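Close look at the chain arrangement
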Amino acid sequence: MRIVVDLNRCQGYAQCVFLAHEVFRLSGVETLTYEPNPDDAQRLRVQRAAAACPVQAIVVDRLDEAERSVPS
């Protein structure tokens with residue numbers, strides 16, 4: 001799974017942090033940081049967090065097998 005957050009769109013409401021705190025974090029007052037490739041075990045929480053974003057700043061993409069096996 002791959003996550004992309006449009007940080008220009010993000011307004012720091014932190015709904016994602018409440019729903020998937022293992023993946024999304026607030027640094028400082030309103031700076032969002034996140035794990036771009038979380039474990040698939042977090043999929044449901046991440047999808048709920050993306051759906052709860054008031055400004056729809058979170059995009060969740062499923063990686064296929066070929067992308068997962070490519071070393072970084």
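Above this note sits the structure.
The rules behind these values
Residues numbered from 1 in each chain as written. Predicted model: local features only at pLDDT ≥ 70, side-chain atom pairs only at ≥ 80, totals over all residues. Heavy atoms only, no water. Salt bridge = Lys/Arg side-chain N within 4 Å of Asp/Glu carboxyl O. Helix = DSSP H or I, 4+ residues; strand = E, 2+ residues; numbered from the N terminus. Buried < 20%, exposed > 50% of the residue type's maximum accessible area, 1.4 Å probe, protein only. Core = buried A, V, L, I, M, F, W, Y, C linked by side-chain atoms within 4.5 Å. Contact = heavy atoms within 4.5 Å. Pairing = 2+ DSSP bridges.

Here's the deal with the pattern of salt bridges
By the definition in use, this model includes 3 salt bridges. R2 serves as the salt-bridge partner of D61, at 3.2 Å between the closest nitrogen and oxygen. Of this pair, D61 sits in strand β4 (residues 58–61) while R2 sits in strand β1 (residues 2–5); the two residues are 59 residues apart in sequence, bridging distant segments of the chain. Note on R2: relative accessible area 29%, which makes it partly exposed. R45 is paired through a salt bridge with E22; the nearest N and O atoms lie 2.6 Å apart. Placement of the pair is R45 in helix α2 (residues 43–52) and E22 in the loop between α1 (15–19) and β2 (24–27), with a sequence separation of 23 residues. On the accessibility criterion, R45 (40% relative accessible area) is partly exposed.

Description of the nonpolar core
Grouped together as the largest cluster of nonpolar side chains are 16 residues, with contacts concentrated most on I3, V5, C16, F24 and I58. Ranked by the residues each element gives to this core, the list is headed by α2, at 3 residues. Other than its neighbours up to four places away in sequence, V5 contacts C10, F24, L32, Y34, A57 and I58.

Some words on the pairing of β2
Sheet analysis places β2 next to strand β3 (residues 31–34), joined by 4 bridges and oriented antiparallel. Within β3, the position partnered with R25 by the bridge is T33. Counting the residues between successive antiparallel strands, the hairpin from β2 to β3 contains 3 residues, one of them, G28, with a positive phi of roughly 75 degrees.

Bear in mind that shape data such as this cannot, by itself, settle questions of function.
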